[in-house]
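# Breakdown of the fold
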Amino acid sequence: MQVTIVTPVGVKFAGDAASITAPSVMGDVGILPGHRPLMAALRTGLATVGIPGQEPLHLVVDGGYVHVVSGDHVSIVTELCENWHEIDAAKAKADHEAATVALQGSREAVSSLGWLVKRHDVDLAETRLRVLASKP
Amino acid sequence: MPSLKAIRRRITSVKSTGKITRAMKLVATARLRRAQERLLQTRPYAVRLTDMIRQLAAETDMDLNPLLATRPPKRTLVLVLTSDRGLAGAFNANVNKAAWSWIQRHRDTREHIELRIVGKKGRDFFKNRAANVGHVYMDVLNNLTLERAAGIGRELVAAYVDGGYDEVYVAYNEFRSAMLQNTHVERLLPLVPHTSDAEALQEHQKPAATTVDTIFEPSKQAVLDAILPLAINVHIYRCLLESVASEMGARMTAMDAATKNASELLARITLQYNRARQSIITTELMEITSGAESLKG
């Protein structure tokens, strides 16, 4: 099936894929060729694109949506998409620590805007580390 | 007539100014090209997002989403996009003036208008005017990232949703060409699903096969709620990129003119220098010959 991943800084991936796992807000969704038309909002998390004859591609995605237009046409529209060689390992680790400390030290009410922003930073940093760990 | 030394000093200074303006023009040209490329790259994303929003907004109750629902405008927020550095022709003056005249025109019908400003030049302009300036963002255009734009977007959405503002406008320069930038003051919130033109909207509402038996996770409304803030972010990002391109275009044109002026001036004072030198030589020769003449006698 044809997969396109679009971000504000350009089209990050366009090509043929055998499967996709995307982090929807309701949990991860797996998409195989012939999937029913679907429109799911995404959270910050790890997406995996299975490409025939290659290592699966692990990506950080940040919000947006995944849209299965028809069984063989899928697009992911997200604000951020990174693969492992776009992530600086040392910075990712430091960011993760800083974000965790900031979230734990936060006195804001849970699910207030400020808290959500910090929570998002932790999620993003965590996902970056996961993508790094998947480095082939 | 100024002394030879003074003219020589002037020549050196004009030469070095010319070098600086030429270098600034080259830098602006390179950065303009990069900004234009980045603008092009946002397009596929922005188009998909707005298409999806238009479709979903048509199928859900718009009043349920605070970012889409219109309320009577009483308290207004205006975001003005300017640069931190000058020497860019009328770039900053145009957008400041456009924002200022917009405020003066709408002041009577609103209870409160607050400004949020990007860039030092906007801050300086509104400092001495009767305007409520809220937050000033510095150093945005020089090193523009999506994160920065999204951060501004988040604050505007927060001010709109919880801060008691009824509408948000953005004043910016739209890039047409290096010679021409158009200033716009356009509405950011409540979000217009793509276009305010009702006819164009209807034309677009062809029965889309995509949503007929599409499963929505969690629901149509929730998907719409999730992607609307992204549309705000990319809108601001695009406006900021347009501003970067406009700033660089305006600077390129201004510096090109400055370089031309410098070389014209250089030609003029070089001529002046040569004339002065020649007249000194002539005077000296006269003195020598008249001295020799008087010795003969």
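Residues numbered from 1 in each chain as written. Chains lettered and ligands numbered in written order. Predicted model: local features only at pLDDT ≥ 70, side-chain atom pairs only at ≥ 80, totals over all residues. Heavy atoms only, no water.

This paragraph deals with the overall build of chain A. Summing up its helical and strand segments, chain A has two helices and ten strands in all. Moving toward the C terminus, one meets the helices and strands of chain A in the order β-β-β-β-β-β-β-β-β-β-α-α. In summary, chain A has a C-alpha radius of gyration of 16 Å against a globular reference of 14 Å for 136 residues, a match within 12%. In terms of overall dimensions, chain A has C-alpha extents of about 45 × 30 × 25 Å along its principal axes. Per-residue burial for chain A yields a buried fraction of 48% across its 136 residues. Taking contacts inside chain A between residues at least 6 apart in sequence as the whole, the part at least 24 apart equals 52%. Accessible area for chain A stands at about 6,400 Å²; split by element, carbon and sulfur atoms hold 56% of it. For chain A, the centre of its 11 positive side-chain charges and the centre of its 15 negative side-chain charges are spaced 5 Å apart. (Helix = DSSP H or I, 4+ residues; strand = E, 2+ residues; numbered from the N terminus. Rg over C-alpha atoms; globule rule 2.2 N^0.38 Å. Buried < 20%, exposed > 50% of the residue type's maximum accessible area, 1.4 Å probe, protein only. Contact = heavy atoms within 4.5 Å. Areas by Shrake-Rupley, 256 points an atom, 1.4 Å probe, with all protein chains shown as cover. Lys, Arg positive; Asp, Glu negative; His and termini not counted. Charge placed at Lys NZ, Arg CZ, Asp CG, Glu CD.)

The subject of this paragraph is the sheet that holds strand 6 (residues 44–50) of chain A. Residue and element names in this part refer to chain A. Strand order in the open sheet made by the five strands is 4-3-6-7-10, with antiparallel pairing throughout. Of all strands in the sheet, those with a lone pairing partner are strand 4 (27–31) and strand 10 (81–82), marking the two edges. Note: strand 6 against strand 7 (residues 57–62), six bridges, orientation antiparallel. Residue A47 lies in a different strand from strand 7, and its bridge partner there is L59. (Pairing = 2+ DSSP bridges.)

Moving on, we get to the interface of chain A and chain B. Listed as interface residues are 28 residues of chain A and, on the opposing side, 25 residues of chain B. For the pair chain A and chain B, the summed buried surface comes to about 2,400 Å²; carbon and sulfur atoms form 69% of the total. For chain A, the biggest contributors to the area lost against chain B are P8(A), M39(A) and E79(A); these three give 27% of the whole. Along the contact surface separating chain A from chain B lie seven residue pairs in polar contact (both at pLDDT 80 or more). Listed by contribution, the elements that provide at least two residues to the side of chain A that touches chain B are strand 1 (2–7), strand 2 (10–16), strand 5 (38–41), strand 8 (65–70), strand 9 (73–77) and helix 2 (113–133) of chain A. Examining the composition of the side of chain A that touches chain B, we find that four residues originate from one element, strand 5 of chain A, more than from any other. When strand 5 of chain A meets strand 6 (residues 215–217) of chain B, the two strands line up parallel, connected through three bridges. Across the sheet, L38(A) pairs through a bridge with I215(B), a residue of strand 6 of chain B. (Buried area = accessible area lost by both parts, 1.4 Å probe. Polar contact = N/O pair within 3.5 Å; in protein donor to acceptor, adjacent residues only side chain to side chain.)

A side chain of one charge can pair with a side chain of the opposite charge if their charged atoms are brought near each other. Residues and elements named next belong to chain B. By the definition in use, this model includes 19 salt bridges over all chains. Notably, a salt bridge pairs R176 with E174, separated by 3.6 Å at the nearest N-O pair. By relative accessible area, which is 18% here, E174 ends up buried. Here the salt bridges do not stand alone but share partners, grouping K25, D256 and K260 into one network. (Salt bridge = Lys/Arg side-chain N within 4 Å of Asp/Glu carboxyl O.)

Turning next to the confidence of the model for chain B. Residues and elements named next belong to chain B. The predicted model of chain B has a mean per-residue pLDDT of 89, with 93% of residues at 70 or higher. Mean pLDDT across the elements of chain B ranges from a minimum in helix 5 (residues 198–204), with 47, to a maximum in strand 1 (residues 75–81), with 95. Contacts for the low-pLDDT stretch residues 195–201, under 50 throughout, to residues beyond four places or in other chains number four contacts. Low pLDDT, under 50, characterises residues 205–209; the stretch is placed with two contacts to residues that sit more than four places away or in other chains. (pLDDT = per-residue confidence, 0-100.)

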